[in-house]
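Listed below, chain by chain, are the residues.
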Amino acid sequence: MSLTELDDGLVRRMAIGAVFSDFGGKIHSVGFHRTDDLLVTSSEDDSLRLFDIANAKQLKITYHKKHGTDRVCFTHHPSSLICSSRYNLDTGESLRYLSMYDNRILRYFKGHKDRVVSLCMSPINDSFMSGSLDKSVRLWDLRVNACQGILHLRGRPAVAYDQQGLVFAIAMEGGAVKLFDSRCYDKGPFDTFLVGGDTAEVNDIKFSNDGKSMLLTTKNNNIYVLDAYRGEKKCGFSLEPSQGTSIEATFTPDGKYVLSGSGDGTLHAWNIENPSEVARWENNIGVVSCLKWAPRRAMFVAASTVLTFWIPNDGEPPVPADPSAADQQPPPQ
């Protein structure tokens with residue numbers, strides 16, 4: 001279904017269309033490919049899983065017992081990923097460039113001294129960014145091992161590129177959002193916004209596809225929609241607390257709606273042009289820690305220890321997944 005057809009009625013009709021329940025623990029991260037109908041997940045069982053979202057099919061599973069799997073995102077190639085580590089961080093091997101095609105590590109990116117908690121690929125070239133609990137943001141190029149730039153910050157950072165790849169944002173505790181020109185970031189931020197009154201650690205930041213808005217989520221489950229040009233708060237929403245689980249919020253591709261999980265296990269959708277809640281769903285999979293809307297489809301995914309695909313309801317019951325259909329491979333050496 002065309003994304004130009006998104007409206008309040010269609011958003012309200014979203015319902016679970018497929019369920020994948022064979023994960024061996026919590027799902028840490030999900031990411032869509034920008035142009036192909038593919039989804040990748042990382043989870044507590046040290047797996048990376050590749051899905052065909054058009055056919056609700058699991059394509060491949062690889063296991064990574066040495067380093068574990070945490071944050072993950074696609075590169076521009078549909079079978080190549082960047083993944084952060086959960087184990088052996090003292091070796092400096094906190095980031096890996098992986099091929100899902102042959103389950104091979106193409107490159108290590110060394111530098112961070114603690115877990116990477118935010119990861120973002122440039123939409124226009126081979127650059128990517130990582131934010132770590134070591135209170136730094138590092139800039140990288142897929143083609144070389146060495147870090148291309150480092151920014152030292154206070155507290156836990158969250159990073160995001162805008163959809164043109166010309167600007168990136170770094171959010172940090174205290175409600176500070178700094179904007180950088182990606183071509184000359186060494187000159188410092190060209191603008192800084194403050195979200196007053198919220199001193200919680202930042203969980204995530206995203207740009208809308210049109211570049212006009214930013215979506216900031218904090219550790220105390222507050223969500224803010226900000227004007228990306230002036231930093232003004234357009235609207236904000238407070239969700240139920242989620243002990244030990246960070247929630248994720250997402251824009252729809254047209255930038256008109258925001259979706260989020262909540263600590264009480266519900267999912268919510270708001271129209272941000274005329275700020276109001278348009279939908280609330282009981283999802284029966286617990287607190288949703290990962291939530292993203294697909295770039296080119298009227299669908300989103302929500303995950304806890306279970307992965308669910310949501311599509312406009314046509315009256316059919318959800319389809320349970322068949323994990324035996326996936327191509328499983330042993331960990332890379």
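In what follows, the accompanying structure is described.

Rules and cut-offs
- Residues numbered from 1 in each chain as written.
- Predicted model: local features only at pLDDT ≥ 70, side-chain atom pairs only at ≥ 80, totals over all residues.
- Heavy atoms only, no water.
- Core = buried A, V, L, I, M, F, W, Y, C linked by side-chain atoms within 4.5 Å.
- Buried < 20%, exposed > 50% of the residue type's maximum accessible area, 1.4 Å probe, protein only.
- Helix = DSSP H or I, 4+ residues; strand = E, 2+ residues; numbered from the N terminus.
- Contact = heavy atoms within 4.5 Å.
- Phe/Tyr/Trp six-rings, centres within 6.5 Å; stacked < 30°, edge-to-face > 60°.
- Lys NZ or Arg CZ within 6 Å of the ring centre and 35° of its normal.

Brief notes about the nonpolar core
Right, so step 1: Core analysis: the biggest nonpolar cluster contains 20 residues, and Leu259, Leu267, Trp281 and Phe300 have the highest contact counts within it.
Right, so step 2: Elements supplying a minimum of two residues to this core: helix H1 (8-12), strand E23 (257-261), strand E24 (266-271), strand E25 (276-282), strand E26 (290-293) and strand E27 (300-303).
Right, so step 3: No other element matches the 3 residues that E25 contributes to this core.
Right, so step 4: Not counting residues up to four positions away in its chain, the partners in contact with Leu259 are Glu248, Ala249, Thr250, Thr252, His268, Ala269, Trp270, Trp281, Leu291, Trp293 and Phe300.
Right, so step 5: By size, the runner-up hydrophobic cluster in this structure holds 17 residues, among which are Leu179, Phe193, Phe207 and Met214.

Some details on the packing of aromatic side chains
Right, so step 1: Throughout the structure, instances matching the rule amount to 14 aromatic pairs.
Right, so step 2: With a centroid separation of 4.8 Å and an interplanar angle of 70 degrees, the aromatic rings of Phe20 and Phe51 are classed as edge-to-face. Note that Phe20 is positioned in strand E1 (residues 14-20) and Phe51 in strand E4 (residues 47-52), a separation of 31 residues in sequence. Accessibility classification places Phe20 together with Phe51 in one group, the buried group.
Right, so step 3: Among the aromatic residues, ring-to-ring pairing joins Tyr161, Phe168, Phe180 and Tyr185 into one connected group.
Right, so step 4: Over the ring of Phe23 we find Arg49; its NZ or CZ atom is 4.3 Å from the centre of that ring.

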